[in-house]
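Understanding the architecture of this molecule
What follows is the residue order along each chain.
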Amino acid sequence: MSKMLVAVLVGLTVAAAPVGTSEKIDAEINAKIRAEADKNSQIMRTMHYLTDVYGPRLTGSPNHKAAGEWAIKQMTEWGFKNGHLEPWPFVNADGSPRPGWLNERFSGFIISPTTDSLVGEVLAWTPSTRGTVTAQAVNIVAPTSPTQAELDAWIAETTPKIKGKIVLVGAPTIVKVNLEPPALRRNDDDLKRQFDPNTAPGDGRGGPGRGNAPAAPPDPTRLNAGAVNTAVNAMIMKAGIAVRLNDAGRDHGQIRAFQNNTYDPAKAPPTVVLRNEDYGRIARILADGTPVTLEFNIVNRDYPGGTSYNAIAEIPGTDKADEVVMLGGHLDSWHSATGATDNAIGCAVMMEAARILQAIGVKPRRTIRVALWGGEEQGLLGSKAYVAQHFGTAENPKPEFDKFNGYFNVDSGTGRIRGGSVFGPPEGAAALREIFKPFEDLGVMGVTATNSRRSGGTDSTTFNEAGLPGIGLQQDPIEYNTYTWHTNLDTYERIIEEDVKKSATSIASALYHLAMRDEMLPRFAKDAMPAPPPPPGQGRGGNPAQR
Ligand SMILES: [Zn+2]
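Calculation criteria
- Numbering of residues starts from 1 in each chain and follows the order in which that chain's sequence is written.
- Only residues with pLDDT of at least 70 are given local features in this predicted model, and only at 80 or more are side-chain atom pairs given and counted; all residues enter the totals for whole chains, interfaces and linings.
- Heavy atoms throughout the structure, all of them, feed into the side-chain values; hydrogens and water do not.
- Think of a salt bridge as a Lys or Arg side-chain nitrogen and an Asp or Glu carboxyl oxygen that are within 4 Å of each other.
- In this text, helices come from DSSP runs of H or I with a minimum length of four residues, and strands from runs of E with a minimum of two, each type numbered from the N-terminal end.
- Between buried and exposed lies partly exposed: a residue is buried under 20% and exposed over 50% of the maximum accessible area for its type, with that area taken using a 1.4 Å probe on protein chains only.
- Should DSSP find at least two bridges between two strands, the strands are regarded as paired.
- Where helices are involved, their axes are fitted lines through C-alpha atoms of the stretch in contact, as for all axes, and angles between N-to-C directions lie from 0 to 180°.
- The contact criterion used is simple: two residues touch if any of their non-hydrogen atoms lie within 4.5 Å.
- Confidence per residue, as judged by the predictor, is encoded in pLDDT with a range of 0 to 100.
- To estimate how far a helix should reach, multiply one less than its number of residues by 1.5 Å.
- The arc refers to the directions leading from the helix axis to the C-beta atoms.

Per the counting criterion, the structure on display carries 28 salt bridges. For D38, the salt bridge is made with K501, and the minimal N-O distance between the two is 4.0 Å. Of the two residues, D38 is situated in helix α2 (residues 27-39) and K501 in helix α14 (residues 497-516); the sequence distance between them amounts to 463 residues. We note a salt bridge from E104 to R301, for which the minimum N-O separation is 2.5 Å. Of this pair, E104 sits in strand β2 (residues 100-112) while R301 sits in strand β9 (residues 293-303), and the two are 197 residues apart along the sequence. Its relative accessible area of 41% is what places E104 among the partly exposed residues.

Strand pairing in a sheet relies on backbone hydrogen bonds. The paired strands run either parallel or antiparallel. Strand order across the open sheet formed by 8 strands is β1-β10-β12-β11-β13-β16-β14-β15, with mixed pairing between neighbours. Of all the strands in the sheet, the pair left with one neighbour each is β1 (81-90) and β15 (447-450). Here the strands of the sheet are splayed against their neighbours by 25° on average, with no regard to which way each runs. Here strand β14 (residues 417-423) runs beside β15; their pairing, made up of 4 bridges, is parallel. By the bridge assignment, F423 is partnered in β15 with T450. Along the sheet face, helix α6 (residues 188-195) touches β14, β15 and β16 (470-475) and points at about 15° away from the line of β14. With respect to the sheet, helix α11 (residues 426-436) is in contact with β13 (404-409), β14, β15 and β16, its orientation differing from that of β15 by roughly 160°.

Turning next to the confidence of the model for the chain. For the chain, the average pLDDT comes to 92, and 91% of its residues sit at 70 or higher. Confidence over residues 1-20 falls short of pLDDT 50; this stretch has 12 contacts with residues more than four positions distant or in other chains. Contacts from residues 202-211, a stretch scored under 50 in pLDDT, to residues over four places away or in other chains number 15 contacts.

Here helix α7 (residues 225-239) spans 21 Å end to end across 15 residues, near enough to the 21 Å set by a 1.5 Å rise per residue. Of all the residues in α7, the buried ones are V228, A231, V232, M235, I236 and A239. Relative to the axis of α7, the buried residues are bounded by an arc of 140° and lie together on one face. Away from its buried face, by an angle of more than 90 degrees, α7 presents the exposed residues T230 and K238. A positive phi of about 75° marks G240, the residue just after α7.

Below you can see the structure in the form of structure tokens.
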């Protein structure tokens with residue numbers, strides 16, 4: 001085929017959209033996007049900086065800020081404009097500042113009856129040990145569903161036993177061998193069914209619902225696990241222990257370490273999440289009646305707090321420059337690895353999608369804005385602050401609310417994009433479905449509409465909550481929920497370059513088409529806007545540490 005003929009065919013495709021569709025798909029641009037994504041990909045270079053150089057990127061830490069500064073510098077070098085860190089208050093409910101925090105050193109050993117190194121991760125926003133501490137280990141297991149009197153008796157008996165000790169809190173988890181590992185990729189036919197507008201359930205999540213057996217009414221004389229935990233934490237602080245040890249409770253040495261929920265290192269003991277294998281070993285030796293001596297040295301550092309940042313940069317639009325199409329992911333991570341799949345990759349893919357358009361010389365009609373959020377892991381804090389400040393809500397809109405044309409979000413690891421869910425009427429999903437259609441060969445199987453304004457899980461839902469079209473992109477699972485999400489294994493090595501290049505390709509095209517479209521992305525009309533979610537406290541309380 002000659003070059004000339006290709007050009008003619010491409011031209012025809014642009015001019016004549018297939019019957020039954022309304023989107024103008026620019027096949028020539030799509031071909032350029034594919035070529036740029038394939039030949040000049042910057043994703044792995046971006047990943048190297050965000051993970052190896054600047055990770056981990058815990059919200060409020062200097063690493064997180066430095067990663068944001070690097071991303072802005074990089075996007076500016078690519079030709080983006082208006083790059084800046086946008087501050088937002090990282091504070092407690094009472095307005096007091098949350099400090100920045102980093103773990104600098106950790107070591108743990110069994111000293112007797114054997115000698116060995118221990119593998120663990122320090123809980124965020126907990127204090128250092130006072131130098132190297134050596135103490136007897138004690139394993140405490142609080143009673144299940146006790147009455148208040150039973151719990152009080154247990155606390156009175158336990159408190160003197162833990163003073164000055166290294167305390168294993170809870171029985172070791174027995175992690176069974178998984179004989180049926182979950183699939184790494186999703187099946188094409190399943191996905192096609194999920195994203196078929198005629199069969200999709202409507203929220204784009206699909207999949208079988210979990211059967212909810214009616215729960216027995218709680219016995220009002222018995223305390224629930226939350227109440228018992230609170231009492232155990234108070235006992236531990238009052239007794240004054242050397243180190244608290246929690247069981248990671250996962251297989252193959254995986255550790256998920258979250259935070260001291262008070263964000264105040266003065267309100268928790270030095271705390272380590274030990275790998276299940278070490279926690280179980282110590283607990284089993286103690287259960288023999290054999291004393292165990294452990295040694296720990298933890299050095300954590302606090303930084304002045306109260307402020308965190310979103311990193312923002314733009315490709316300015318032309319005739320519709322006051323309208324904006326956004327894309328992004330959260331830049332903050334947990335601290336026990338370098339946060340590659342959660343979520344440096346979401347940032348790298350979105351930076352790349354916009355870079356591709358810049359590199360092929362696109363002049364978008366609407367402004368394209370990349371946002372790399374902070375504070376996602378503490379409850380979508382950065383995106384919530386941004387949306388409140390710039391857009392408001394459907395009920396209380398700011399002028400920019402009416403100029404908003406969608407926000408693409410990636411936050412499910414390294415798997416390639418398989419489809420999406422957009423907040424809005426079916427027409428919005430239909431437009432995006434047509435825009436993504438040319439990328440079925442890369443695995444993208446469609447887009448469904450959702451009308452849920454409940455936020456949670458990731459930053460696209462912040463936009464949904466406000467009544468704006470957040471576009472949550474769904475991905476192949478690969479090792480996300482099984483191995484890398486929030487674990488000490490979440491590093492650069494877990495990224496599949498082939499997959500993330502595909503994601504950047506399809507997103508770049510969707511971004512381009514939303515930026516060029518004559519009309520805005522269809523949104524709910526005022527009178528069709530679903531009601532906002534119930535105010536905090538009336539909904540189900542989520543634990544941000546489990547996010
Ligand atoms: Zn995430």
